[in-house]
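Each chain, letter by letter, is given below.
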Amino acid sequence: MDYKSSGVDIEAGYKSVELMKASVKETMRPEVLGGLGGFSGAFSMAGIKDMEDPVLLSGTDGCGTKVKLAFLMDKHDTIGIDAVAMCVNDVACAGGEPLFFLDYIACGKNYPEKIATIVSGVAEGCKQSGCALIGGETAEHPGLMPEDDYDLAGFSVGVCDRKDIITGEEIADGDVLIGIASSGVHSNGFSLVRNVFEMTKESLDTYYDELGETLGEALIRPTIIYVKALKAIKDAGVRIHGCSHITGGGFYENIPRMLPDNVCAVVKKDSYDIPPIFELIKKTGGIEEEMMYNTFNMGLGMVISVAKVEVDKVMSAIESAGEKAYEVGYIKSGNKGVELV
């Protein structure tokens, strides 16, 4: 008896590392010390020495049950983008620049080519956000997970000067809310989605005229990474008063997280284009509108609060970064919360 006969293939692990090295190398930054395969990732902090009061920011998350779609569609090259996005968007939401990322893949069986494909998506997400993929772990769990299943999670560290942290404390009556468009469902609400639609290859391969694509194509589209858009706003000289990453819990849970106690966010539902996938989910599942806004991003992946005089500058900066922006509402005095009108 040996480790391989018990279900853990060490040689497959070595092969996975070799196959992913090229993708990982493309994410490197000058601060990265050493190469892939060590016991820890090393990252020099010399680049932040000129900050007045550098603060490290961190984020950790996974892709939730969206990985189930990757299994069913046998498409594993974008789920890594989702894992990175869920972490770096949170770091950027606080005003930080993501510096590096580590991933963790748990699988029933290590298929090196599949693992390398997953990591290629992680590397792509890191490139989109400008952070380095400095390490990770692939763990085989025979007997705990089915052989073809895996789960993917990650951890990101970023930095910002203390004076640049976005806390929401500066949000005030009269501020304008700017929404940055999402690409669709992103990586939240899939437990509900999987109850609305039959999760089979046939169902996911079904073409819908209202979507202009198959259901699977619409659902698996990766989460947008907003690092460059938020950096463009900062580079334009605009102070963001508050920022909310719209993830699980939708508008009702996430927008209030950026608000101080004395203001309310008012969002105009007809102020932006809602992707058709959400209407299809609502119609097919018979889901009430309030629940839709309490579960999904409904077409806005980020909502930020800025002074009214800065709106044009913000809209221009976001669009220069390749994203779509909308003026979606405003801040008023009142009890902390969000109103949809």
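Let us look at the structure shown here. Bear in mind that the values here come from a model prediction, so they are computed numbers and not experimental data. (Residues numbered from 1 in each chain as written. Predicted model: local features only at pLDDT ≥ 70, side-chain atom pairs only at ≥ 80, totals over all residues. Heavy atoms only, no water.)

## As for the sheet that holds strand β3 (residues 54–62)
The condition that has to hold: Pairing between strands is defined by DSSP: at least two bridges between the two strands are required. Secondary structure follows DSSP: runs of H or I at least 4 residues long count as helices, runs of E at least 2 residues long count as strands, and numbering of each begins at the N terminus. Only the contacting stretch of a helix is used when fitting its axis, a line to C-alpha atoms as for every element, and angles between N-to-C directions run 0 to 180 degrees. Whether two residues are in contact is decided by their heavy atoms: any pair within 4.5 Å suffices.
With mixed pairing, 4 strands are arranged side by side in an open sheet as β3-β6-β4-β5. Of all strands in the sheet, those bounded by a partner on one side alone are β3 and β5 (132–140). Looking at each pair of strands side by side, their axes are set apart by 15° on average, direction ignored. Lying on the sheet, helix α3 (residues 79–93) is in contact with β3, β4 (97–107) and β6 (150–161); it crosses β6 at an angle near 30°. Seen against the sheet, helix α4 (residues 112–129) touches β4, β5 and β6 and runs at an angle of roughly 165° to β4.

## Here we look at the packing of α3 against α4
Quick note on the threshold: Angular relationships are summarised with four words: roughly parallel below 35 degrees, roughly antiparallel beyond 145, roughly perpendicular across 65 to 115, and oblique for the angles in between. Crossings are classed by handedness, with left-handed meaning an anticlockwise turn of the near helix from the far one by less than a right angle and right-handed meaning a clockwise turn.
In the contact formed by α3 and α4, the axes pass within 6 Å of each other and the chain directions differ by 40°. Our classification of the angle between α3 and α4 gives oblique. Crossing handedness for the pair α3 and α4: right-handed. Listed contacts from α4 to Ile79, Gly80, Ile81, Val84 and Val88 of α3 are Ile118, Gly121, Val122, Glu124, Gly125, Cys126, Gln128 and Ser129.

## Considerations on the packing of aromatic side chains
So the rule is basically this: Each pair of aromatic rings taken from Phe, Tyr and Trp, with Trp reduced to its six-membered ring, is defined by centres within 6.5 Å and is described as stacked if the planes are under 30 degrees apart, edge-to-face if over 60, and tilted in the remaining cases. For every residue, the accessible area obtained with a 1.4 Å probe (protein chains only) is divided by the maximum for its type, and the residue is called buried under 20%, exposed over 50%, and partly exposed between those limits. To sit over a ring, a charge needs its Lys NZ or Arg CZ within 6 Å of the ring centre and within 35 degrees of the ring normal.
This model, assessed by the stated rule, comprises 5 aromatic pairs. Residues Phe71 and Tyr150 carry aromatic rings whose centres are separated by 5.0 Å and whose planes lie at 75° to one another, so their mutual orientation is edge-to-face. Of this pair, Phe71 sits in helix α2 (residues 67–73) while Tyr150 is found in strand β6, placing the two residues 79 residues apart along the sequence. The burial state of Phe71 is the same as that of Tyr150; both residues are buried. Ring centres 5.9 Å apart and planes at 55° place the aromatic pair Tyr272 and Tyr326 in the tilted group. Here the residue Tyr272 occupies a position in the loop between β11 (263–267) and α10 (276–285), and Tyr326 occupies one in strand β13 (residues 325–333), the gap between them amounting to 54 residues. On the basis of relative accessibility, which here comes to 6%, the residue Tyr272 falls in the buried class. Between Lys109 and the ring centre of Tyr111, over which it is positioned, the NZ or CZ distance is 5.9 Å.

## Re the side chain of Ser203
With respect to the helices and strands, the residue Ser203 is situated in helix α6 (residues 201–204). What Ser203 contacts, discounting residues up to four positions off in sequence, is Phe197, Glu198 and Leu215.

## Some points on the sheet that holds strand β7 (residues 176–181)
Strand order across the open sheet formed by 6 strands is β10-β12-β7-β13-β11-β14, with mixed pairing between neighbours. On the outer flanks of this sheet lie β10 (242–245) and β14 (337–340), each paired with one strand and no other. Taken pair by pair, the neighbouring strands of this sheet meet at an average axis angle of 25°, ignoring direction. Of the strand pairs in this sheet, β11 and β14 are connected by 4 bridges, and their pairing is parallel. Counted as the bridge partner of Cys264 is Gly337 from β14. Against the sheet, α3 engages β10 and β12 (300–306), with an angle of about 170° to β10.

## Section: helix α12 (residues 311–320)
One turn of an α-helix holds 3.6 residues; hence residues three or four places apart share an orientation. Defined as follows: Summarising the geometry, the arc corresponds to the directions from the helix axis toward the C-beta atoms.
When α12 is considered as a whole, its buried residues turn out to be Val311, Val314, Met315, Ala317 and Ile318. The arc that holds the buried residues of α12, viewed along the axis, is 165°, so those residues lie on one side. Summarising the geometry of α12, the exposed residues directed more than 90 degrees from the buried face are Asp312 and Ser320. Its buried side turned inward, α12 meets β7, α8 (227–235), β12 and β13.

## So, the pairing of β12
For a regular strand, the rule is simple: side chains alternate between the two faces of the sheet. Taking burial as the measure, the 7 residues of β12 include 7 buried ones, the bulk of the element. When β7 meets β12, the two strands line up antiparallel, connected through 6 bridges. Across the sheet, the residue bridging to Val176 is Val306, located in β12. The pairing of β10 with β12 spans 4 bridges and is classified as antiparallel. When the sheet's bridge partners are listed, Cys243 is paired in β12 with Ile304.

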